[in-house]
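Observations on the three-dimensional arrangement
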Amino acid sequence: MTDDPPPVAVHPPVLYGGAFLLGVVLERLAPLGPEIAWPEGLRHGAASVLLVFGLWFAGWAAWLFHRAGTGIPTWRAARRLVMRGPYAISRNPMYVGVSAAYAGLALAFANPWALILLLPVLAVMDRLVIAREEPYLEARFGQPYRDYRARVRRWL
């Protein structure tokens, strides 16, 4: 097994962080409104649920990767195939969790631009990150990965 990382086009932390920062800049330059048009209690409640769920789900997934001794950042090689815990319901639970936490932060800061930018972020993640990781993982892990991919959905 080589130490080659997956051939992703962009690293997820850069993508999510860059999109959120762009949302902050856009909200300053061209605000879409003083606040997301939800009652404040509902907005804060939804933000809290998304943040807590997202951080918990991504954290659990990252902890399992760490325990298995496999690379978490996309610039490190995958060493083991993890298929339990959150990986039993999503092939990408870290990305699901980070996406939920991102949406929670956008709601918490009442930033509609950041929330809108989540849609292109998800498209880029799907096409330029995950779609490039999958052949890499199939080449590394063979039939066990193909069986896993047939059983478990990409997102949820």
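Preceding this section is the structure that the text describes.
Residues numbered from 1 in each chain as written. Predicted model: local features only at pLDDT ≥ 70, side-chain atom pairs only at ≥ 80, totals over all residues. Heavy atoms only, no water.

A short note on helix α1 (residues 12-29)
To be explicit about the condition: Counting from the N terminus, the helices are the DSSP runs of H or I reaching at least four residues and the strands are the DSSP runs of E reaching at least two. A helix's residues, less one, multiplied by 1.5 Å, set its expected span. The rule is simple: take the accessible area with a 1.4 Å probe, protein chains only, and divide by the maximum for that residue type; under 20% is buried, over 50% is exposed, in between is partly exposed. What the arc describes is the spread of directions from the helix axis to the C-beta atoms. Contacts: residue pairs with any heavy atoms within 4.5 Å of one another.
Taking 1.5 Å per residue as the helical rise, α1 with its 18 residues ought to reach 26 Å, and the 25 Å between its terminal C-alpha atoms agrees with that figure. When we look at burial in α1, the residues that qualify are Pro12, Leu15, Tyr16, Ala19, Phe20, Gly23 and Glu27. Relative to the axis of α1, the buried residues are bounded by an arc of 120° and lie together on one face. The outward face of α1, more than 90 degrees from its buried face, is lined by the exposed residues Pro13, Val14, Leu21, Arg28 and Leu29. On its buried face, α1 is in contact with α3 (93-108) and α4 (112-141).

Some details on the nonpolar core
To be explicit about the condition: Take the buried Ala, Val, Leu, Ile, Met, Phe, Trp, Tyr and Cys residues and link them wherever side-chain atoms come within 4.5 Å; each set so joined is a nonpolar core.
Of all hydrophobic cores here, the largest spans 16 residues; its most connected members are Tyr16, Tyr95, Tyr102, Leu118, Val121 and Met125. Sorting the residues of this core by element identifies α1, α3 and α4 as the ones contributing at least two each.

Some remarks on the packing of α4 against helix α5 (residues 143-151)
Operational definition: Between the N-to-C directions of two axes lies an angle of 0 to 180 degrees, each axis being a line fitted to C-alpha atoms and, for a helix, fitted only over the stretch in contact. Reported orientations rely on four angle classes, namely roughly parallel under 35 degrees, roughly antiparallel over 145, roughly perpendicular from 65 to 115, and oblique for the rest. For this classification, the nonpolar set comprises Ala, Val, Leu, Ile, Met, Phe, Trp, Tyr, Cys and Pro, the charged set comprises Asp, Glu, Lys and Arg, and every other residue, Gly included, is treated as polar.
Where α4 contacts α5, the two axes come as close as 6 Å, and the packing angle between them is 135°. Considering their axes alone, α4 and α5 lie oblique with respect to each other. Contacts from Glu134, Leu137, Glu138 and Phe141 of α4 reach α5 at Gln143, Pro144, Tyr145, Arg146 and Arg149. Here the contact of α4 with α5 is composed, by residue class, of four nonpolar, one polar and four charged.

Notes on the side chain of Asn92
When you line up the elements, Asn92 lands in the loop between α2 (40-68) and α3. When residues no more than four places from it in sequence are discounted, the contact partners of Asn92 are Ile130, Glu133 and Arg154.

Structural notes on a nonpolar patch on the surface
The test is simple: Patch definition: residues with relative accessible area over 30% and no salt bridge; like charges joined within 9 Å; nonpolar side chains (Val, Leu, Ile, Met, Phe, Trp, Tyr) joined within 5 Å. Exposure was quantified through the Shrake-Rupley algorithm and a 1.4 Å probe, taking into account, for residues, occlusion by the shown protein chains and nothing else. Between Lys or Arg on one side and Asp or Glu on the other, a salt bridge is scored when a side-chain nitrogen of the former is within 4 Å of a carboxyl oxygen of the latter.
A grouping of Phe53, Trp56, Trp60 and Trp63 is seen on the molecular surface, where their side chains present a nonpolar patch of about 420 Å² in accessible area. When you line up the elements, Trp60 lands in helix α2. Taking relative accessible area as the criterion, Trp60 reaches 31% and is therefore assigned partly exposed.

Considering the packing of aromatic side chains
Our working definition: Only rings of Phe, Tyr and Trp enter the pairing, Trp through its six-membered ring, and a pair is recorded when the two centres are within 6.5 Å. The plane angle decides the type: under 30 degrees is stacked, over 60 is edge-to-face, the rest tilted.
Applying the stated criterion across every chain, the model contains nine aromatic pairs. Here Trp56 and Phe57 contribute two aromatic rings whose centre-to-centre distance is 6.0 Å and whose plane-to-plane angle is 40°, an arrangement assigned as tilted. Of the residues examined, Trp56 reaches a relative accessible area of 48% and is grouped as partly exposed. Connected via pairs of aromatic rings, a cluster forms that spans Tyr16, Phe20, Tyr102 and Phe109.

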